[in-house]
Amino acid sequence: MKNLAILISGRGSNMEAILRTVKKKKIPVHPAVVISNKPGAAGLKIAQKLGVKTVTVDSSGLKGGSWEYDKKLVSVLEENNVAPKNGLICLAGFMRIMSPEFIRHYKGRIINIHPAILPAFPGLHSQRQAIEYGVKYSGCTVHFVDEGVDTGPIILQSIVKVKDDDTEESLSKRILKQEHEIYPKAVRLVAEGKIKTSGRKVVLR
Ligand code: GRF
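In this numbering scheme, every chain counts its residues from 1 along its sequence in written order. Predicted model: local features are reported for residues with pLDDT of at least 70 only, side-chain atom pairs are reported and counted for 80 or more only, and whole-chain, interface and lining totals are derived from all residues. Computation of side-chain values covers all heavy atoms of the structure but excludes hydrogens and water.

### Regarding the environment of Ser66
The residue Ser66 is located in the loop between strand E3 (54-56) and helix H3 (67-79) in this model. We call a residue buried when its accessible area falls under 20% of the maximum for its residue type, exposed when it is over 50%, and partly exposed in between, using a 1.4 Å probe and counting protein chains only. Residue classification places Ser66 among the buried residues on the basis of a relative accessible area of 16%. C-alpha separation for the pair Ser66 and Ile110, spaced 44 residues apart in sequence, amounts to 17 Å. Setting aside residues no more than four positions away along its own chain, Ser66 makes contact with Arg96 and Ser99. What counts as a helix is a DSSP run of H or I of at least four residues, what counts as a strand is a run of E of at least two, and both are numbered from the N terminus. Only heavy atoms matter for contacts: two residues are in contact if any of them lie within 4.5 Å across the pair.

And the structure:
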């Protein structure tokens, strides 16, 4: 069974959706640790209530994409037995770019959720980007993390219709509901070894 680490920066609703599914024994992983780069992130309390260990690795003053910060993460992950061989790392609203060193170290072991149908609207404020662009459909994507921003192989996606009167807030809310559906599903597929990656393509075994 793989050891799961979830990295958060704030609210932690995707983390909660994953942990609740794990607790129902629907994902065969051991929830080893939740790490936040922000002290006092709301998700930390939720994780604690669910009986999962939490650690804060404060990133204040440390530039995104720097190995200086990420090597601290690696130490905490290793202390909690989340290694490249047996670990799975879920980024769930973790608001930092990872360094190439970190991504190479955990190659194929890091998953992220993005609130748009990639490759459309990568980066920040995807829901706002979708509304401003005028798309009729948006949604969310669970993908493996590679060295680009939101560019890794896609595991699952879910579509949400954009309404004429949608605001960034209303669209984000409907997309989030779908995020909570597909993120646990994707983690389960990976944990059960049910997918394989061939180039950019992720296919069911
Ligand atoms: C989600 O919309 C996720 O797609 C994005 O950041 C947000 C995190 O929300 N990467 P939460 O902390 O999981 O509630």
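### A closer look at the layout of surface pockets
Its volume calculated, the largest pocket comes out at about 1,000 Å³. With a 1 Å grid laid over protein atoms only, a set of points is called a cavity when a 1.4 Å probe fits there but cannot get out and a pocket when it is open yet has protein on both sides within 12 Å along at least five of seven lines; lining residues have an atom within 4 Å of a point. Taken together, 39 residues make up the lining of the largest pocket; nearest its centre are Gly93, Phe94, Met95, Ile113 and Pro115. Elements with a contribution of two residues or more to the lining of the largest pocket: helix H1 (13-23), helix H4 (100-105), strand E5 (110-114), helix H5 (126-133) and helix H6 (168-191). Three residue categories are used. Nonpolar comprises Ala, Val, Leu, Ile, Met, Phe, Trp, Tyr, Cys and Pro, charged comprises Asp, Glu, Lys and Arg, and polar comprises the others, including Gly. By residue class, the composition of the lining of the largest pocket is 15 nonpolar, 16 polar and eight charged. A domain split of the lining of the largest pocket shows at least three residues from each of domain 1 (1-107) and domain 2 (112-205). Grid points are joined across faces, edges and corners, and a volume is the space filled by probe spheres set on the points. Counted as a void, the second largest pocket has a volume near 310 Å³. Taken together, 16 residues form the lining of the second largest pocket, with Lys107, Gly108, Arg109, Phe144 and Thr197 sitting closest to its centre. At the level of secondary structure, the elements contributing two or more residues to the lining of the second largest pocket comprise H4 and strand E8 (195-198). All domain edges in this entry derive from an automatic or database-based domain assignment.

### Considering the site of the ligand
If you check the shell around the ligand, you find Arg11, Gly12, Ser13, Asn14, Gly93, Ile113, Pro115 and Glu179 and nothing else. Within the side chain of Arg11, a nitrogen or oxygen atom sits 2.6 Å from an oxygen atom of the ligand. Any N or O atom pair separated by 3.5 Å or less is treated as a polar contact, with the protein-specific requirement of one donor-capable and one acceptor-capable atom, and with residues adjacent in sequence counted only for side-chain atom pairs. Within the side chain of Ser13, a nitrogen or oxygen atom sits 2.5 Å from an oxygen atom of the ligand. Considered on its own, the ligand offers 370 Å² of accessible surface; in the complex 85% of this is hidden by protein. Throughout this document, a residue counts as near a molecule or strand when at least one of its heavy atoms sits within 4 Å of that molecule or strand. Residue exposure ignores everything except the shown protein chains as possible cover, and the areas themselves are Shrake-Rupley values with a 1.4 Å probe.

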